[in-house]
Amino acid sequence: MEGLPRAGRDVLTLAVPKGRVLRALAPLLARVGVDPVTVLGEGEDRRLIREVPALGWRLLLLKPDDVPTWVEYGAADLGVCGRDVLLERGFDLYQPLDLGVGRCQMVVATRQGMKTLPDPPRIATKYPRCAAAHFASKGIQAEVIYVQGSVELAPLTGLADAIVDLVETGETLRQNALEVREVVFDVSSVLVANRAAYKLRGARARAAVEAFRAAFDTEKSP
Ligand code: PRP
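Owing to the predicted nature of the structure, the values given are computational and were not obtained by experimental measurement.

Conventions we followed
- Residues numbered from 1 in each chain as written.
- Predicted model: local features only at pLDDT ≥ 70, side-chain atom pairs only at ≥ 80, totals over all residues.
- Heavy atoms only, no water.
- Pairing = 2+ DSSP bridges.
- Helix = DSSP H or I, 4+ residues; strand = E, 2+ residues; numbered from the N terminus.
- Axes fitted to C-alpha atoms, helices over the stretch in contact; angles between N-to-C directions.
- Contact = heavy atoms within 4.5 Å.
- Buried < 20%, exposed > 50% of the residue type's maximum accessible area, 1.4 Å probe, protein only.
- Lys, Arg positive; Asp, Glu negative; His and termini not counted.
- Salt bridge = Lys/Arg side-chain N within 4 Å of Asp/Glu carboxyl O.

(A) Broad picture of the sheet that holds strand β11 (residues 189–193). Sheet architecture is open: 6 strands sit in the order β2-β3-β1-β4-β11-β5, paired in mixed fashion. In the strand order of this sheet, the two ends are held by β2 (49–52) and β5 (94–98), each with one partner. The mean inter-strand angle of the sheet, taken between neighbouring strand axes irrespective of direction, is 25°. Pairing analysis gives 2 bridges linking strand β1 (residues 12–17) to strand β4 (residues 78–82), with the strands arranged parallel. Paired with alanine 15 across the bridge in β4 is glycine 79. The strands that helix α1 (residues 20–32) touches are β1, β3 (57–62), β4 and β11; relative to β1, the one it contacts most, it runs at about 145°. Most of the contacts of helix α9 (residues 202–220) go to β5, to which it runs at about 25°, and overall it touches β1, β3, β4, β5 and β11.

Shown next as structure tokens:
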């Protein structure tokens, strides 16, 4: 089997999240000079590497949670990932720029009208570390139950008293008769870089960060 083409020394490799975040990111990438068709593809485009010869960039399309892994190991120079993933998994990456896309909030939510949480509360979440840290910061040792999705079901079925999860429009909570109790932290997509690589291969990576910064500033003040 032939190996993947290796990136030349002068190609900058960016790890980007597939799916919803990439669609949100596409307009910003377009202002940086990446044709939306290159990132979003046409029809059933399953290629995971997308070249942008005009910029000398190579994009790696990854599951959002995996972006920091590629950057941490230096298999990508830069990456785009959510603050939620960085905080939950404890990655120590350089974060030169908040891209302001994919904005949402990590919240504690319960059934509508629930007065008080039992102590200790049982919390269902895809983010056990963030959930435990949040309650610990209030002096509460929560019992945290890890689930992979459909978290909103937990308080409705007696699995947990509350959930810690991301809320964007609030529609999923509303349709499942839940409500936000507390905001844990704000989330958005940030540009990340491996700290050491950013120093060594700094010029090209810094130029890319500045291109994103200029595109972001243009978007804020059209
Ligand atoms: C996320 C999150 C909520 C929902 C919030 O789930 O876990 O369930 O989106 O969005 P809203 O406030 O706009 O309704 P996702 O769609 O990623 O699916 P998942 O449950 O499979 O993780």
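(B) Expanded view of the side chain of glutamate 88. Here glutamate 88 lies in helix α4 (residues 83–89). Buried within the structure, glutamate 88 lacks any salt-bridge partner; arginine 129 is the closest side chain of opposite charge, at an N-O distance of 6.1 Å. Ignoring any residue separated from it by four or fewer positions in sequence, one finds glutamate 88 in contact with Tyr127, Pro128, Arg129 and Cys130.

Just geometry here; none of it tells us what the structure is for.
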